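Given next are the chains, with one letter for each unit.
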Amino acid sequence: MDKYISLDGTFNFRDMGGFYTEEGRQVKAGMVFRSDALHKLSDGDLKKLEEMNIRMVVDFRSQSEREVQPDRLPEGVRLKVLSPDGETAALASASHKDDEGKVARLTAWEKTSEGHDYLVKNLNSMEGQMRTFVTSENSIGAYSSFLKLLTDVASVPLVFHCRGGKDRTGWAAALFLSILKVSREDIIGDYLKTAQYNWERNIKRMDQYRRYTDNKVVLDYLSSLMETKESYISAAFEEVDRLGGMEAYLEQACGFYEADRKRLKEIYLK
């Protein structure tokens, strides 16, 4: 099935249904959706979300991101803010209003030996960010709360999102699909789809950055933050495996037990 949903104000809105599990079942469509930010939704988009009977939106963005670009939602939709430790992800997705200042700060810092070395060494810093989603107390709390929301049928249909719908949202999607026993290969494939949907947006962002600097080190670093690489999502899975595997991680870190996982399967699988 085509999971992409075309809206005027988003570029990465997708239905999480349609995946087949390793147990031979299928994830139900029309219940859980992933997206980029919802601040640009048109009146037509709001009507479409009403027709989809969306009941809750989970926003993984930071406070500063939400203040600059608050979600636009249909009347009656509940908003839940769950902000994991996503400093790198937030930097990657900072609003255009802050681009000039962000680039100026990075360019000035790159001129120092410390800044230059950091930016060169951290072209794959998103891998560390993804590991942080697995291990930091704030991130574990945010994602645990998200999973608990999904066990309540009064919360669905539900949309979860960050700014670009890539990393913070990508890890939430990975946890959800892992519990339902979708293969890791398909979960990684779902994560990588963002590269396709964000392609045009990323080109525009880089063109915007080039208006503010011609510093190659800074531009390469900013480009790396926006990229959708298999190594990014794999880093999170590697951290989970290091901690004993997905089921052990869900129970020991997230407090999401066998009964909770069974509940999710009952709700979202057919």
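If you're wondering where the values come from, they're calculated on a predicted model, not measured in any experiment.

Undergrad: Please explain the packing of helix H8 (residues 168–179) against helix H11 (residues 230–242) as it appears in this structure.
TA: The packing of two helices is summarised by the inter-axis angle and the distance between the axes. Interaxial distance between H8 and H11 falls to 11 Å at its minimum, and their mutual angle equals 50°. The orientation of H8 with respect to H11, classified from their angle, is oblique. The way H8 lies across H11 gives a crossing that is right-handed. Residues Gly 170, Trp 171, Ala 174 and Ser 178 of H8 lie in contact with H11, whose contacting residues are Ile 233, Ala 236, Phe 237 and Val 240. Partitioned by chemical class, the residues of the contact of H8 with H11 number six nonpolar, two polar and no charged.

Undergrad: So what exactly am I meant to see when it comes to helix H10 (residues 216–226) here?
TA: Helical geometry: 3.6 residues make up each α-helical turn, so side chains three or four residues apart lie on a common side. Among the 11 residues in H10, eight count as buried, and that is most of the element. Restricting attention to buried positions, one finds in H10 the residues Val 217, Val 218, Leu 219, Tyr 221, Leu 222, Ser 224, Leu 225 and Met 226.

Undergrad: How should I be thinking about the packing of helix H6 (residues 125–135) against H11 in this particular structure?
TA: Interhelical geometry of H6 versus H11 gives an angle of 35° and a closest axis separation of 8 Å. The chirality of how H6 crosses H11 is right-handed. Of the residues in H11, those touching H6 at Met 126, Glu 127, Met 130, Arg 131, Val 134 and Thr 135 are Ser 231, Tyr 232, Ile 233, Ala 235, Ala 236, Glu 238, Glu 239, Val 240 and Arg 242. In terms of residue class, the contact of H6 with H11 is built from eight nonpolar, two polar and five charged.

Undergrad: Just to check I follow, could you spell out the environment of Val 103 for this structure?
TA: Here Val 103 is to be found in helix H4 (residues 99–110). Looking at Val 103, the relative accessible area reads 0%, which means it is buried. As for Val 103 and Met 126, which are separated by 23 residues in sequence, their C-alpha atoms are 18 Å apart.

Undergrad: Quick question: what am I supposed to make of the state of the cysteines here?
TA: Note on terminology: disulfide describes a covalent bond linking the sulfur atoms of two cysteines. The full count for this structure, using the stated rule, is zero disulfides. Free cysteine: Cys 254, not disulfide-bonded; nearest cysteine sulfur from Cys 162 at 18 Å. For Cys 254, a relative accessible area of 10% translates into the label buried.

Undergrad: Please explain the packing of aromatic side chains as it appears in this structure.
TA: Aromatic ring pairs are described here by two measures, namely the spacing of the ring centres and the angle between the planes. Scanning all chains against the criterion turns up 11 aromatic pairs. An angle of 45° between the planes, with centres 5.4 Å apart, marks the rings of Phe 60 and Tyr 143 as tilted. Of this pair, Phe 60 sits in the loop between strand E3 (56–59) and helix H2 (63–68) while Tyr 143 sits in helix H7 (residues 137–150); the two residues are 83 residues apart in sequence, bridging distant segments of the chain. Judged by relative accessible area, Phe 60 falls into the buried class, the value being 0%. On the basis of relative accessibility, which here comes to 1%, the residue Tyr 143 falls in the buried class. By the ring-pair criterion, three or more aromatic residues cluster together here, those being Phe 60, Phe 133, Tyr 143, Phe 146 and Phe 160. Stacked on the ring of Phe 19, the Lys or Arg Lys 3 has its end atom at 4.4 Å from the ring centre.

Undergrad: Whenever I open this one, the sheet that holds strand E2 (residues 32–35) confuses me. Can you help?
TA: Each strand in a sheet pairs with its neighbour through backbone hydrogen bonds, running either in the same direction (parallel) or in the opposite one (antiparallel). With mixed pairing, the five strands of this open sheet are ordered in space as E1-E2-E5-E3-E4. With one partner strand each, in any of the chains shown, strand E1 (14–15) and strand E4 (78–81) form the two edges of the open sheet. With four bridges connecting them, E3 and E4 associate as parallel partners. Paired with Asp 59 across the strands is Val 81, a residue of E4.

Reading guide: rules and limits
Residues numbered from 1 in each chain as written. Predicted model: local features only at pLDDT ≥ 70, side-chain atom pairs only at ≥ 80, totals over all residues. Heavy atoms only, no water. Axes fitted to C-alpha atoms, helices over the stretch in contact; angles between N-to-C directions. Helix = DSSP H or I, 4+ residues; strand = E, 2+ residues; numbered from the N terminus. Parallel < 35°, antiparallel > 145°, perpendicular 65-115°, else oblique. Left-handed = near helix turned anticlockwise from the far one by under 90°. Contact = heavy atoms within 4.5 Å. Nonpolar A, V, L, I, M, F, W, Y, C, P; charged D, E, K, R; others polar. Buried < 20%, exposed > 50% of the residue type's maximum accessible area, 1.4 Å probe, protein only. Disulfide = S-S within 2.5 Å. Phe/Tyr/Trp six-rings, centres within 6.5 Å; stacked < 30°, edge-to-face > 60°. Lys NZ or Arg CZ within 6 Å of the ring centre and 35° of its normal. Pairing = 2+ DSSP bridges.

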